[in-house]
Amino acid sequence: MADLSNSLDAFWMPFTANRQFRKAPRMMVSAKGMYYTSDDGRKILDGAAGLWCVNAGHCRPEIAKAIQREAENLDYSPAFQIGHPNAFRLASELAAILPDPLDRIFFVNSGSEAVETALKIALAYHQARGDGRRTRLIGREKGYHGVNFGGISVGGLGPNRKSFGPLLPGVDHIRHTYSREDMAFSRGQPEWGAHLADDLERLVLLHDASTIAAVIVEPMAGSAGVIIPPKGYLNRLREICDTHGILLIFDEVITGFGRTGAAFGADTFGVVPDLMTLAKGLTNGAVPMGAVAASRDIYDAFMEGPEGTIELFHGYTYSSHPLAVAASLATLGIYRDEGVFERVAELAPYWEDAVHSLKGLPTVIDIRNIGLVAGIELEPIEGKPTARAFGIFLDCFHDRDLLIRTTGDILALSPPLILEKTHIDEIIDKLADAIKAAA
Ligand code: PXG
């Protein structure tokens, strides 16, 4: 066998241009607060909270100590038919900050698993109530719901779907809510577009409501390039679901834990779903973990039949893993003690002004923002879609010590929520220079 001990060849990297990466690797070796340190010793400002997850900033000692303590105390506890007290404590703490009536929590290990779990709960819920004809799942174009089969089936990003066969049967999609013509450079929620929710009525007519189990959407689409819901859109979606007995699932893997200016997107946008998926900021990214929050009604529908029977045949070996639970309890403590979500609301106007100051730079064709997130859309280089944004990503990383994310020709900003105004200025100054250099 070849000696690969000091080679970059063996690791097949996810969502990465592997061959390009090996030619000019980008390696992080440590992190603290708002900054990473790269293997060549540079301090790199984190404009992306890792991958939208390190909301409280990097390497928080409270979280590190909680994980270490639990690793020495309870490394693992079976997840089925056995519990550990902190898991119950965490579920209660989450229920206390989630909007009513979401107060029943199912633990998983990632956003993708949270999505699969929510879809399965939706199907099983209707069956438990004797309405088992409701098997259809509705997603939305441009939606991102992780990478497992349910998630890519309801997801609406072509490249994530096209190589993987026929996917789940009985899935359909409502149209996405983006229209540059009608909403470019909106600050916060666009005024235009509430009526796009009526597209769900089209699918109700087509399939009949009696066959539809659930609709899943991100309150704010993240991976598609930060698409903010038009004012009134989510309210309308909620109304249509209620009219037809369809469950509404919010995928809050990105929008959960402060990103949009309140604890959850449901709070920011004033619409409460029946099921909510969570991950990322749940543990500040420190240990993999996800969760599904269900309404009391949904949970109760399963609590029928003989008491000794398992009510839901679903779960993972590492559901409510003690180290993840410890990390999450410490993370929620920081959010609470430091008023992190309130801080987002306070900083959001400064952030909005800062990101919209990029308007007028060459190639910038739209800027979108809410809370502490922004999407900056660029004119693609002719014949080379994605190249302009990816070039800016590389320039920022290698030459400007700034980490951002890109999708298509959209630059996405989602810094840790603990940033200061000086960090905002630094991000925007560096990005402005990089955009000009790439024009
Ligand atoms: N739902 C949503 C809304 C997400 O954004 C997932 C599910 C899946 O989570 P896991 O933990 O299985 O990856 C996500 C993940 C990006 C980016 O830059 C977004 C995600 C992951 C990586 C990169 O857009 N979102």
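Residues numbered from 1 in each chain as written. Predicted model: local features only at pLDDT ≥ 70, side-chain atom pairs only at ≥ 80, totals over all residues.

Novice: Just to check I follow, could you spell out the overall build of the protein chain for this structure?
Specialist: For the protein chain, the helix and strand inventory stands at 16 helices and 15 strands. Over its C-alpha trace the protein chain gives a radius of gyration of 22 Å, about what one expects of a compact globule, namely 22 Å for 439 residues. Principal-axis analysis of the C-alpha atoms places the extent of the protein chain at approximately 65 × 55 × 55 Å. A burial count over the protein chain gives 47% of its 439 residues as buried. (Helix = DSSP H or I, 4+ residues; strand = E, 2+ residues; numbered from the N terminus. Rg over C-alpha atoms; globule rule 2.2 N^0.38 Å. Buried ≥ 20, exposed ≤ 12 C-beta atoms within 10 Å, placed from the backbone.)

Novice: Help me understand the environment of Val215 in this model?
Specialist: Mapping Val215 onto the fold places it in strand β7 (residues 212–217). Taking C-alpha positions, Val215 is 13 Å from Gly150, a pair spaced 65 residues apart along the chain. Ignoring any residue separated from it by four or fewer positions in sequence, one finds Val215 in contact with Ile138, Leu200, Leu237, Cys241, Ile246, Leu248 and Ile249. (Contact = placed C-beta atoms within 7 Å.)

Novice: Help me understand the domain arrangement of the protein chain in this model?
Specialist: Interface size is often expressed as the accessible area that is lost when the parts come together. Structurally, the protein chain comprises domain 1 (18–56 + 339–438) and domain 2 (64–337). Summarising the inter-unit geometry, the C-alpha centres of domain 1 and domain 2 are found 26 Å apart. Contacts between the two partners involve 32 residues from domain 1 and, on the opposite side, 31 residues from domain 2. Among the secondary structure elements, those contributing two or more residues to the side of domain 1 that touches domain 2 are α2 (49–52), α14 (340–356), β11 (364–370), β12 (373–378) and β15 (410–413). Per-element tally for the side of domain 1 that touches domain 2: the top contributor is α14, with 7 residues. Looking at the side of domain 1 that touches domain 2, its residues break down into 18 nonpolar, 9 polar and 5 charged. (Domains from an automatic or database assignment. Nonpolar A, V, L, I, M, F, W, Y, C, P; charged D, E, K, R; others polar.)

Novice: Explanation requested: the pairing of β15 in the structure shown.
Specialist: Strand residues, when the strand is regular, have side chains that alternate between the two faces of the sheet. Burial along β15 is two-sided: the face carrying Ile410 and Ala412 and the face carrying Leu411 and Leu413 are both buried. Sheet topology places β12 next to β15; 4 bridges connect them, and they run antiparallel. Across the sheet, the residue bridging to Glu377 is Ile410, located in β15. Note that strand β14 (residues 405–407) and β15 share 3 bridges and pair antiparallel. (Pairing = 2+ DSSP bridges.)

Novice: Just to check I follow, could you spell out the site of the ligand for this structure?
Specialist: Close contacts around the ligand come from 18 residues, with Gly111, Ser112, Gly146, Ser223 and Val253 the closest. Only α2, α5 (111–128) and β14 provide two or more residues apiece to the shell around the ligand. At 3 residues, α5 tops the list of elements feeding residues into the shell around the ligand. Tallied by class, residues from the shell around the ligand come to 7 nonpolar, 8 polar and 3 charged. Mapped onto the domain boundaries, the shell around the ligand takes at least three residues apiece from domain 1 (18–56 + 339–438) and domain 2 (64–337). (Near = placed C-beta within 6 Å.)

Novice: What is the right way to read the packing of α14 against helix α16 (residues 421–438) from this model?
Specialist: A pair of packed helices is characterised by two quantities: the angle between their axes and the separation of those axes. Relative to each other, α14 and α16 sit at 15 degrees, their axes nearing to 10 Å. Taken as axis vectors, α14 and α16 run roughly parallel relative to one another. Note that α14 runs across α16; the crossing there is right-handed. Two secondary-structure elements touch here, α14 through Tyr350, Trp351, Ala354 and Val355 and α16 through Lys421, Ile424 and Ile428. When its residues are assigned to classes, the contact of α14 with α16 shows 6 nonpolar, no polar and 1 charged. (Axes fitted to C-alpha atoms, helices over the stretch in contact; angles between N-to-C directions. Parallel < 35°, antiparallel > 145°, perpendicular 65-115°, else oblique. Left-handed = near helix turned anticlockwise from the far one by under 90°.)

Novice: Is there a simple way to explain the sheet that holds β14 in this structure?
Specialist: The strands making up a sheet associate through hydrogen bonds between their backbones, and the pairing can be parallel or antiparallel. The sheet built from 4 strands is open, its strands ordered β11-β12-β15-β14 with antiparallel pairing. Only two strands of the sheet have a single neighbouring strand rather than two, namely β11 and β14. With strand direction ignored, the average angle separating the axes of adjacent strands in the sheet is 20 degrees. Running over the sheet, α14 touches β11, β12 and β15 and is turned about 175 degrees from β11.

Novice: Hey, could you run me through the packing of helix α3 (residues 61–73) against helix α13 (residues 322–337) in this one?
Specialist: Orientation of α3 relative to α13, taken along the N-to-C sense of each, is 150 degrees, at an axis distance of 8 Å. Judged by the inter-axis angle, α3 sits roughly antiparallel to α13. Two packed elements cross with a definite hand, and for α3 against α13 that hand is right-handed. Where α3 approaches α13, its residues Glu62, Ile63, Ala66, Ile67, Arg69, Glu70 and Ala71 are matched on the opposing element by Pro322, Leu323, Ala326, Ala327, Leu329, Ala330, Thr331, Gly333 and Ile334. A per-class count over the contact of α3 with α13 returns 11 nonpolar, 2 polar and 3 charged.

Novice: Sorry if this is basic, but what is going on with α13 here?
Specialist: In an α-helix, one turn spans 3.6 residues; hence positions three or four apart end up facing the same way. Between its first and last C-alpha atoms α13 spans 22 Å; for 16 residues at 1.5 Å apiece the expected length is 22 Å, and the two agree. Within the sequence span of α13, burial applies to Pro322, Leu323, Ala324, Val325, Ala326, Ala327, Ser328, Ala330, Thr331, Leu332 and Tyr335. Buried residues along α13 sit in contact with α3, α4 (85–97) and α14. With its phi angle positive at about 55 degrees, Gly339 sits one or two positions after the end of α13. (Expected span 1.5 Å × (residues − 1).)

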